[in-house]
Amino acid sequence: MQTNPPPVGGSARTWRQAMSEALYGAQGFYRRTGAAAHFRTSPLASPLFAGAVRALATDVDTALHHPDPFDVVDVGAGGGELLEVLAAGVSARWRLTAVELRPGEHARLDWRPDLPACTGLLFANEWLDTVPCEVVQRTADGVRLVLEDGSLGPAPGTPEMRWLARWWPLRRIGDLAEVGRPRDEAWAAAVGRLRRGVAVAVDYDHVRTARPSRGTLSGYRRGRQVTPVADGSCDLTAHVALDACAAAAEAAHPDSVRASLLTTQRRALRALGLDATPVPAYAGDPMAHLRALADAGQVAELLDPAGLGGFGWLAQSVGAGPPPLLAEVTTLLR
Ligand SMILES: C[S@@+](CC[C@H](N)C(=O)[O-])C[C@H]1O[C@@H](n2cnc3c(N)ncnc32)[C@H](O)[C@@H]1O
């Protein structure tokens, strides 16, 4: 789904070129390894996350009047951890598809490298932040591309400048931004594969009224945040302008995208039934008490507003109304 950006002159690559090769080239990070070895996402933090996504899928299935098959498609599925847990006890009518560059092993899942046409729930947890993008900086000479060695390259092209003007205007000299256009395109293409249902993107995000001024490009290796180096040794990620992604999908599919909702993971998971409840007093069953303590810790991690709970959830409904469970708690963009 990623397209290679055209090269610029000189030897240092732009960040979009460098990220593309370092993550997805022949020896790229994601060709050799998976998320689980390097960082902690919500599906890896707790099976309770998959339980909440199952509740959302059930809600969508009901709203669509139980189509056969009902698809749950995980885009950028990693090791399939989310679907593996979600699969437990669901109807044989549900078709579970993991879209991933390297196929995994869970037999109940259909593994494929590209997005199928589908009807149901399309879910992408921490996929868009790994879609390569340019980094730019405002200088006294105008906006310039930042290259992987930290030097400045030429001015970005017209499409990037248009995106910046609309979504991330750089007001002060020195301000940095990541140009979200490739994420918009990737998301709009993904939403385009949904015939009917709901598409959800979950990621570190920001919106136009509160973009960071210093940029967010980061590296992650073996559980630690590291200086981003495009040599394939670490993940490379930048926060996602989910409001721009929403608008791109609406513009690309004006007749089918009916509603766009944007909220935080904390609010979304609470609406889906996951909430912090006090651990009951010890009642004589040590294993049950330990499980309750572990669950409480995991819920707190998933809802933490300064961590995973602060992630953005963008839900867009296609050919149907918004998912009833989420509709009440989210900011309606459209
Ligand atoms: C940050 S990891 C998230 C993994 C998983 N969703 C989770 O939350 O634990 C991003 C994943 O997206 C996958 N990915 C990125 N671009 C992809 C593409 N175009 N097609 C399929 N998978 C892709 C990567 O291989 C990687 O496993």
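Shown above is the structure to which this text applies.
No experiment lies behind these values; they were computed from the predicted model shown. Along each chain, the written sequence defines residue order, and numbers are assigned to residues from 1. Given that the model is predicted, a residue must reach a pLDDT of at least 70 before its local features are reported, and side-chain atom pairs must reach 80 or more before they are shown or counted; all residues, however, enter totals for whole chains, interfaces and linings.

Asks: Kindly report on the pairing of strand β4 (residues 118-125), identifying the contributing residues and their values.
Replies: Between the buried cut of 20 or more and the exposed cut of 12 or fewer other C-beta atoms within 10 Å of a residue's own C-beta lies the partly exposed class, and all C-beta atoms are placed from the backbone. Starting at the N terminus, helices and strands are each numbered in turn, a helix being any DSSP run of H or I of at least four residues and a strand any DSSP run of E of at least two. Burial analysis of β4 places eight of its eight residues in the buried class, which makes it a mostly covered element. DSSP calls a pair of strands paired once it identifies at least 2 bridges connecting them. Pairing of β4 with strand β8 (residues 194-203) involves eight bridges; the strand directions are parallel. Along β8, the bridge assignment pairs L122 with A199.

Asks: Hey, could you go over the sheet that holds strand β11 (residues 224-226) for me, with residue numbers and the actual values?
Replies: Pairing is antiparallel across the open sheet formed by three strands, whose spatial order is β11-β10-β12. Each edge of the open sheet is held by one strand with a lone partner, namely β11 and β12 (235-237). Each neighbouring strand pair of the sheet contributes to a mean axis angle of 35°, computed without reference to strand direction. Interaxial angles span 0 to 180 degrees and are taken between N-to-C directions of axes, which are lines fitted to C-alpha atoms, for helices over the stretch in contact.

Asks: Give me the lowdown on unusual backbone geometry, citing residues and values where you can.
Replies: A negative phi angle characterises most non-glycine residues, just as the trans form characterises most peptide bonds. P69 follows D68 through a cis peptide bond whose omega is 0°. Tracing the sequence through the fold places P69 in the loop between α4 (47-63) and β1 (70-75). With a phi angle near 55°, E126 is a residue other than glycine that sits in the positive phi range. Structurally, the position occupied by E126 is in the loop between β4 and β5 (134-139). A positive phi angle is found at R222, which is not glycine, with a value near 45°. Along the chain, R222 falls in the loop between β10 (218-221) and β11.

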